[in-house]
Amino acid sequence: MFFYKKLSQISFLSRSYAFKFLFVAFIGIHIPLIGLLFFVLYGNFSISPNTILIFALLMTLLASVVTLTILKQLIKPIEIASRALRSYKKERQVPSLPLDFHDEAGFLMRNIQETVLEHEKFISEKQDLVYLLSHDLKNFAGQPQLLATLILEANPSNEIKELAELIYQSSNQQFLYIDKLLKLLKEQDEVLKTSPDLKLIHFDSIIETVEKQVKELLEIKKIKLIVSIQVKEEQLFIEEELLIRVLVNLINNAIKFSYPDSEIYLKIQEKNTKLVISVLDNGIGFNQSNVQDLFRKFTKMSKLGTSNEASSGIGLYLCRKIIEKNQGKLTGISAGQDKGATFTIVF
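Okay, so let's go over this structure. (Residues numbered from 1 in each chain as written. Predicted model: local features only at pLDDT ≥ 70, side-chain atom pairs only at ≥ 80, totals over all residues. Heavy atoms only, no water.)

**Quick look at the overall build of the protein**
When helices and strands are tallied, the protein shows 10 helices and seven strands. For the protein, buried positions account for 36% of its 347 residues. Long-range contacts, defined here as pairs at least 24 residues apart, represent 69% of the contacts in the protein between residues at least 6 apart. (Helix = DSSP H or I, 4+ residues; strand = E, 2+ residues; numbered from the N terminus. Buried < 20%, exposed > 50% of the residue type's maximum accessible area, 1.4 Å probe, protein only. Contact = heavy atoms within 4.5 Å.)

**Regarding unusual backbone geometry**
Despite not being glycine, Thr 273 shows a phi value in the positive range, around 65 degrees. Following the sequence through the fold, Thr 273 ends up in the loop between β4 (263-271) and β5 (274-281). Under the relative-accessibility criterion, Thr 273 is labelled exposed at 72%. At Asp 338, a position not held by glycine, the phi torsion is positive, near 60 degrees. The topology assignment puts Asp 338 in the loop between β6 (329-333) and β7 (341-346).

**Re the sheet that holds β4**
With mixed pairing, the five strands of this open sheet are ordered in space as β2-β4-β5-β7-β6. Each edge of the sheet is formed by a strand with only one pairing partner; in this case those strands are β2 (224-229) and β6. The average undirected angle you get between the axes of adjacent strands in this sheet is 15 degrees. One ladder, built from eight bridges, connects β4 with β5; its direction is antiparallel. Bridged to Tyr 265 within β5 is Leu 280. Packing of helix α7 (residues 203-220) onto the sheet brings it into contact with β2, β4 and β5, and relative to β2 it is tilted by some 170 degrees. (Pairing = 2+ DSSP bridges. Axes fitted to C-alpha atoms, helices over the stretch in contact; angles between N-to-C directions.)

**Here's the deal with the packing of aromatic side chains**
Applying the stated criterion to the full structure yields seven aromatic pairs. Relative to Phe 21, the ring of Tyr 17 has its centre 5.2 Å away and its plane inclined at 85 degrees; by these criteria the two rings are edge-to-face. Of this pair, Tyr 17 and Phe 21 are both found in helix α2 (residues 17-42), four residues apart, which corresponds to roughly one turn of the helix. By relative accessible area, which is 25% here, Phe 21 ends up partly exposed. On the basis of an interplanar angle of 40 degrees and a centroid distance of 6.1 Å, the ring pair of Phe 286 and Phe 343 is categorised as tilted. (Phe/Tyr/Trp six-rings, centres within 6.5 Å; stacked < 30°, edge-to-face > 60°.)

**Notes on the side chain of Lys 221**
By secondary structure assignment, the location of Lys 221 is in the loop between α7 and β2. Owing to a relative accessible area of 5%, Lys 221 belongs among the buried residues under this scheme. A distance of 2.4 Å separates the side chain of Lys 221 from the side chain of Thr 306, its partner in a polar contact. Discounting residues that sit within four places of it in the chain, Lys 221 has contacts with Ile 255, Lys 256, Ser 258, Pro 260, Asp 261, Thr 306, Ser 307 and Glu 309. (Polar contact = N/O pair within 3.5 Å; in protein donor to acceptor, adjacent residues only side chain to side chain.)

**With respect to a positive patch on the surface**
On the surface, a cluster of positive charge is made up of Arg 83, Arg 86, Lys 89 and Lys 90. Its place among the elements puts Arg 86 in helix α4 (residues 76-91). (Patch = residues over 30% accessible without salt bridge, like charges linked within 9 Å, V, L, I, M, F, W, Y side chains within 5 Å. Areas by Shrake-Rupley, 256 points an atom, 1.4 Å probe, with all protein chains shown as cover. Salt bridge = Lys/Arg side-chain N within 4 Å of Asp/Glu carboxyl O. Lys, Arg positive; Asp, Glu negative; His and termini not counted. Charge placed at Lys NZ, Arg CZ, Asp CG, Glu CD.)

**Topic: the pattern of salt bridges**
For the structure on display, the rule yields seven salt bridges. For Arg 296, the salt bridge goes to Asp 293, with nearest N and O atoms at 1.9 Å. Exposure remark for Asp 293: the relative accessible area of 26% places this residue in the partly exposed category.

**Let's talk about the nonpolar core**
Counting residues in each nonpolar core, the largest one holds 41 residues, and the members touching the most others are Phe 203, Leu 243, Leu 247, Ile 277, Phe 343, Ile 345 and Phe 347. For this core, the secondary-structure elements that each account for two or more residues are α7, α8 (240-256), β4, β5, α9 (291-294), α10 (315-325) and β7. Counting residues per element, this core draws most heavily on α8, which supplies 10 residues. With residues near it in sequence (within four places) discarded, Leu 243 still touches Ile 201, Phe 203, Ile 206, Ile 238, Ile 277 and Phe 347. Residues Met 1, Tyr 4, Leu 97 and Ile 112 belong to the second largest nonpolar core, which totals 19 residues. (Core = buried A, V, L, I, M, F, W, Y, C linked by side-chain atoms within 4.5 Å.)

**Topic: the side chain of Ser 334**
Summarising the element assignment, Ser 334 is placed in the loop between β6 and β7. Take Ser 334: its relative accessible area is 9%, and that puts it in the buried class. Reaching out from Ser 334, the side chain makes a polar contact with the backbone nitrogen of Gly 336 at a distance of 3.2 Å. Among residues more than four places away in sequence, those in contact with Ser 334 are Gly 285, Phe 286, Gln 288, Gly 340 and Ala 341.

**Overview of α7**
Spacing of three or four residues puts side chains on the same side of an α-helix, whose turn is 3.6 residues. Compared with an ideal rise of 1.5 Å per residue, which puts 18 residues at 26 Å, α7 spans 26 Å between its outermost C-alpha atoms and is within 8% of the ideal. When the local axis directions of α7 are compared, the greatest deviation, roughly 50 degrees, occurs at Val 214. Looking only at α7, the buried set comprises Phe 203, Ile 206, Ile 207, Val 210, Val 214 and Leu 218. At its buried positions, α7 is contacted by β1 (199-202), β2, β3 (233-236), α8, β4 and β5. After α7 finishes, the residue Lys 222 shows a positive phi value of roughly 55 degrees. (Expected span 1.5 Å × (residues − 1). Bend = angle between axes of the 7 residues up to and from the residue.)

**Re the packing of α7 against α8**
Taken N-terminus to C-terminus, the directions of α7 and α8 make an angle of 35 degrees; their axes are 9 Å apart at the nearest point. In the packing of α7 onto α8, the handedness of the crossing is right-handed. On α8, the residues touching Phe 203, Ile 206, Ile 207, Thr 209, Val 210, Gln 213, Val 214, Leu 217 and Leu 218 of α7 are Glu 240, Leu 243, Ile 244, Leu 247, Val 248, Ile 251, Asn 252 and Ile 255. (Left-handed = near helix turned anticlockwise from the far one by under 90°.)

Written out as C-alpha cells, the structure is:
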C-alpha cells in the first residue's frame, strides 16, 4: 500500500485509480530514454556503440523491474478488499479497511466496509427483534397458564377442571414451542462462529458429555448407544461446544427415527489421514435420491419419529452449516426405507 498511498497524495492522481497506473507506466517507459540521453550528453565522448547498447538494455531492464514492482503494489487495495470480503464470507470476520482514499479502489474498500457493517447491524437488529418477540410471546403464553392454575386451586367442578387442565396443557405446549424456537435461534447464532486457530479436541471428554445429554432419550426408547473411539485426540478448527451440539443432534435424530430396543453406533476413526465421525442406526432410513433435501432449512422431508416425536426440520441444516463453517463435511447415506441411516462427518 506504500506506493498507492504516495501516489494518492498527488492531487491530479488522487481521484483516479486508472491514472495512477498510466502515470507509473508512462514514467517507466521513459526512464530508459532519459537515462540514455544523460549518458550520451554527459558521458565520455569516446563511448563505443556497444557500450551505449548495453547501457540502454540495462536501463530498460531496470525500468521494467521497477515499473512492474510498483504496478504490483498498486494492485494491493484490490487484493486487500478481496481478502477482507472472503474472510467475512467464510469466517464472518468484520474487516477494518482504509476509508481515506477517493479513487475507484478507495470507493470499493469503503463500500465493502460499509456494506459489511450494515449487514452486521441488520443481523444484530433482526436477532434482537426475534428474541424480544419470543420473550413477549412467552410472557403472553404464561397468562392463561397462571389463570388455569388459579382455577384448579379453587377446587372447581369436574367440567371446569377439565377445561382448566386443557388450558394449562395448551399453554405449556406454547412454552415448549417458544423455548424450542429460542434454542434454534441460538443454534443459528452459533453456526456463524468459526475459529481461525486449531484446537486440540479430546474425544473421551466430548463423548462423555454427549452420552449424558442423550441418556434420557435412549432410556425412554430402550435404545443402546455403542461407542467406538479409535482416535483419542485431534487438532481441529471447530470449538468443542459446537462439535458436541452437532453430535447430540445427530444422535437425537438417530434415536427419533430408530425403533425401540435397537442399537445406535457412534464411531470415531482415522481414514486416509482424515478424521471420520459416524453415527449409524437401524431405523426407518430414507430414499437416497432425496438426501440433499434432508439438509435444507425447514425441509419438507421433516416427519414424525417412530414414537411420534416432532421434528423442527432445521436440525440437520444447522449441523451441516456448523461443520462446513469449520472446514469439515457432513453427509448422509441410507439403503432405503427401514434399512437405517449413516451420517458421517469428515475433517
